[in-house]
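The lines below spell out each chain.
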Amino acid sequence: MRLSRRLILKGAGALPLLAGSFGFPRFGLAQTQPAAPGPAEVPPILFVHGNGDHAALWITTLWRMESNGVPRERMLAINFTNPLARADDKVEQPNRSSTEDQRRELGEAVKELQRRTGASPIALVGNSRGGYSIRNYIKNGGGSDISHAVLCGVPNHGIYEWDEGLGGEFNGRGPFLRGLNEGESEVTPGTAFLTLRSDGIDKYAQADGRFVGKPGTPTGATSDSPALKGATNLVLGALDHREVAFHPRAFREIYKFIAGREPSRIEIVPEVEVKLSGLVTDTPGGVVTNRPVSGATVEIYRVSPESGERIGGRIHSSQTGADGRWGPAQIEPTWHLEIVLTSAGSPTTHFYRSPFPRSSDVVHLRAARPLGPADGGAGAVVLMSRPRGYFGLPRDVVLIDGKEPKDVKPGVPTDSTTTLRLAAEEVGRAVAAMFNGERIVARAWPASENRIAVAELTY
């Protein structure tokens with residue numbers, strides 16, 4: 001069934017296509033660090049997530065933009081309905097999207113941001129697969145509306161170049177990428193392009209096929225594969241596939257390219273009052289989507305940063321409707337939080353989070369993966385998750401419960417989640433998760449009650 005444009009774009013509609021930085025009044029900023037004045041010359045910016053991801057990954061980028069005076073109402077982050085690519089772009093798969101689906105949804109988001117701001121053209125910033133939809137839209141769907149395109153860790157020449165699987169959009173020999181890259185220049189005239197890439201540790205720009213399931217098979221890709229002829233191409237050093245979009249170093253280049261000058265600050269300026277809300281999204285059959293979950297309950301507690309224990313009673317509770325939205329919850333910018341998500345058919349997930357310094361309506365939640373055979377016999381299961389990057393060993397300090405995790409592979413950073421399983425007698429105790437300068441303390445909840453704890457890193 002095809003959905004009408006009105007239904008797709010409806011802010012509280014059944015499909016959460018758009019999840020932007022809208023819906024909150026401006027609050028006073030911390031008196032010691034006033035935000036920079038709003039730069040009128042910065043166009044509205046639409047942020048585009050990658051394969052299997054959602055708008056929430058851009059939360060720190062949005063905060064840094066706001067801290068440099070970009071009004072949140074002039075920014076938007078898209079939630080693609082089905083964020084995972086098909087195995088073959090032309091063959092339908094349940095809860096997966098084609099390149100045409102992505103191009104169409106991005107086009108609707110562009111029009112919505114233009115409508116809300118009254119401005120045209122706008123800038124697009126994308127990570128990984130999100131860069132494909134940006135290039136496809138500009139080349140085949142309306143490049144005249146786009147002033148700047150920033151492509152962060154985008155596999156512009158494919159993750160591999162193989163004769164098999166030519167229908168896959170990540171195959172550099174396939175029709176999709178050949179169509180985007182044809183001609184002497186690989187960018188579309190009229191839009192300024194910037195590519196940001198890693199210096200050798202992007203898991204999807206590797207010469208060996210071990211990261212795509214074929215160890216020892218040459219991919220045909222190199223660390224230079226994200227670069228485009230005709231674009232400004234920058235190497236950001238030892239940043240991984242996601243960090244080239246979400247790291248402070250990446251923010252500097254994104255802002256500088258779009259605004260035409262250096263940012264006045266890299267740090268995030270806290271607000272005096274913070275409101276949070278977001279979406280609860282579904283994983284039908286284990287496939288991640290951005291389809292809303294109705295009837296889910298979200299509760300928030302303030303917790304001790306040292307023990308993870310709750311301080312006082314519940315500070316927020318809401319139940320999602322057909323639009324899948326929870327909140328808003330008002331908190332203090334210094335509070336460490338436990339966010340509890342309860343939804344039918346999924347484990348009750350206890351998310352432990354560092355303080356939220358600013359408001360956001362893209363605090364999106366997906367229940368943790370189901371408890372599986374590997375968890376059998378465990379009294380408690382605690383995950384440490386880093387959505388905006390990978391764990392790099394020995395590049396990073398990565399400790400969970402005081403030990404370096406054994407399920408994180410050294411070398412090229414490829415893992416963004418590590419799992420700790422505890423015995424029954426350890427249920428209820430504190431577990432510290434540490435990544436470089438960020439430390440989160442979670443509590444070990446009983447697996448026998450179908451509960452999982454997640455220490456979710458923000459940085």
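To be clear, the structure that these remarks concern was listed above.
Residues numbered from 1 in each chain as written. Predicted model: local features only at pLDDT ≥ 70, side-chain atom pairs only at ≥ 80, totals over all residues. Heavy atoms only, no water.

Novice: When you look at the sheet that holds strand β11 (residues 316-319) in this model, what are you seeing that I'm missing?
Specialist: If you trace the 7 strands from one edge of the open sheet to the other, you get β11-β10-β13-β14-β20-β15-β17, paired in mixed fashion. If you trace the sheet from one side to the other, it starts and ends with β11 and β17 (417-422), each paired once. Along the sheet, successive strands turn relative to each other by an average axial angle of 20 degrees, direction set aside. Where strand β10 (residues 297-303) and strand β13 (residues 336-342) come together, 7 bridges link them in antiparallel fashion. In the sheet register, Y301 faces β13, and the bridge partner there is E338. (Pairing = 2+ DSSP bridges. Helix = DSSP H or I, 4+ residues; strand = E, 2+ residues; numbered from the N terminus. Axes fitted to C-alpha atoms, helices over the stretch in contact; angles between N-to-C directions.)

Novice: What exactly am I supposed to notice about the pairing of β11 here?
Specialist: As a general feature of sheets, a regular strand has side chains that alternate between the two faces. A one-sided burial pattern is seen for β11, the buried positions being H316 and S318 and the unburied ones S317 and Q319. Across 4 bridges, the pairing between β10 and β11 is antiparallel. Residue pairing across strands places I300 opposite H316, the latter belonging to β11. (Buried < 20%, exposed > 50% of the residue type's maximum accessible area, 1.4 Å probe, protein only.)

Novice: Can you walk me through the packing of helix α2 (residues 59-67) against helix α7 (residues 248-259) in this structure?
Specialist: Between two packed helices, what matters for the description is the angle formed by their axes and the separation of those axes. Contact pair α2 / α7: the axes reach a minimum separation of 11 Å and the direction vectors enclose 50 degrees. Comparing their axes, α7 and α2 come out oblique. As α2 runs across α7, the sense of the crossing is right-handed. Between α2 and α7, the residues in contact are T61, R64 and M65 and P248, F251, I254 and Y255, respectively. A breakdown of the residues in the contact of α2 with α7 according to their chemical character gives 5 nonpolar, 1 polar and 1 charged. (Parallel < 35°, antiparallel > 145°, perpendicular 65-115°, else oblique. Left-handed = near helix turned anticlockwise from the far one by under 90°. Contact = heavy atoms within 4.5 Å. Nonpolar A, V, L, I, M, F, W, Y, C, P; charged D, E, K, R; others polar.)

Novice: What is the right way to look at the environment of D88 in this model?
Specialist: For D88, the location among the structural elements is in the loop between β2 (75-77) and α3 (99-117). Look at D88 and you get partly exposed, because its relative accessible area is 31%. Between the alpha carbons of D88 and P357 there is a distance of 42 Å; along the sequence they are 269 residues apart. With residues up to four places along the chain from it excluded, the contact list for D88 reads Q93, G167 and G168. A polar contact of 3.0 Å, which involves the side chain of D88, links it to the backbone nitrogen of K90. (Polar contact = N/O pair within 3.5 Å; in protein donor to acceptor, adjacent residues only side chain to side chain.)

Novice: Even after reading the chapter, I still don't get the pairing of strand β4 (residues 146-152), so can you show me in this structure?
Specialist: Within β4, 7 of the 7 residues are buried, leaving the element largely enclosed by the surrounding structure. Where strand β3 (residues 122-127) meets β4, 6 bridges bridge the pair, whose relative direction is parallel. In the sheet register, V125 faces β4, and the bridge partner there is V150. In the classification by handedness, the crossover that spans β3, the intervening helix α4 (residues 129-142) and the parallel β4 is right-handed. The pairing of β4 with strand β5 (residues 192-197) spans 5 bridges and is classified as parallel. Bridge pairing links V150 to L194 in β5. Regarding topology, helix α5 (residues 175-181) serves as the crossover connection from β4 to the parallel β5, and that connection is right-handed. (Right-handed = clockwise from strand over helix to strand, strands pointing away.)

Novice: Help me understand the sheet that holds strand β16 (residues 398-400) in this model?
Specialist: Adjacent strands of a sheet form backbone hydrogen bonds with each other and so pair up, either parallel or antiparallel. Reading across the sheet, the 3 strands line up as β16-β18-β19 and stay open at both edges, with antiparallel pairing between neighbours. Bordering the open sheet on either side are β16 and β19 (438-443), each of which pairs with just one other strand. On average, each strand axis in the sheet is tilted by 15 degrees relative to the strand beside it, whichever way the strands run. Here strand β18 (residues 430-435) pairs with β19 via 6 bridges, running antiparallel. Paired with M434 across the bridge in β19 is R439.

Novice: Looking at this structure, how should I read α7?
Specialist: Residues spaced three or four apart along an α-helix point in a common direction, a consequence of the helix completing one turn every 3.6 residues. Helix length check: α7 (12 residues) gives 16 Å between terminal C-alpha atoms against 16 Å at 1.5 Å per residue, within 8%. All of the buried residues in α7 are A250, F251, E253, I254, Y255, I258 and A259. Looking one or two residues beyond α7, the residue adopting positive phi is G260, at roughly 85 degrees. (Expected span 1.5 Å × (residues − 1).)

Novice: In this structure, what is going on with the pattern of salt bridges? I would like to understand it.
Specialist: Side-chain pairs of opposite charge can arise whenever the charged atoms involved come near each other. Counting across every chain of the model gives 37 salt bridges. Here E262 makes a salt bridge to K256, at a shortest N to O gap of 3.6 Å. For D375, the salt bridge goes to R421, with nearest N and O atoms at 2.8 Å. With D375 in the loop between β14 (348-353) and β15 (380-385) and R421 in strand β17, this residue pair connects regions lying 46 residues apart in the sequence. For D375, a relative accessible area of 6% gives the class buried. (Salt bridge = Lys/Arg side-chain N within 4 Å of Asp/Glu carboxyl O.)

Novice: Got a minute to help me understand empty space enclosed by the protein in this structure?
Specialist: Any space left empty among the atoms is revealed by the rolling of a water-sized probe across them. Evaluated as defined, the whole model comprises 4 cavities of 30 Å³ or more. Here the largest cavity defines a volume of roughly 40 Å³. In this structure, the largest cavity is lined by V303, S304, P305, H336, L337, Y352, R353, I440 and V441. Contributions of two or more residues to the lining of the largest cavity are made by β13, β14 and β19. (1 Å grid on protein atoms, 1.4 Å probe; cavity = no way out; pocket = protein on both sides within 12 Å on 5 of 7 lines; lining within 4 Å. Points joined across faces, edges and corners; volume = space filled by probe spheres on them.)

Novice: It is not clear to me how the environment of R242 should be interpreted in this structure. Could you clarify?
Specialist: Examined against the element boundaries, R242 turns out to sit in the loop between β8 (232-235) and α6 (243-246). Among the residues examined, R242 registers a relative accessible area of 13% and is labelled buried. R242 sits 161 residues away from K403 along the chain, and the two C-alpha atoms are 24 Å apart. Beyond its immediate chain neighbours, meaning those up to four positions away, R242 contacts D53, N127, R386, P387, R388, G389, Y390 and S416.

Novice: Could you clarify how one ought to interpret the packing of α3 against α4 in this entry?
Specialist: At a closest axis distance of 9 Å, the pairing of α3 and α4 adopts a crossing angle of 75 degrees. One element, α3, and the other, α4, form an angle in the roughly perpendicular class. Across the interface between the two elements, T99, Q102, R103, L106, G107 and V110 of α3 pack against R129, S133, I134, N136, Y137, N140 and G141 of α4. Tallied by class, the residues present in the contact of α3 with α4 amount to 4 nonpolar, 7 polar and 2 charged.

Interpretation note: all reported values are geometric properties and have no functional meaning in isolation.
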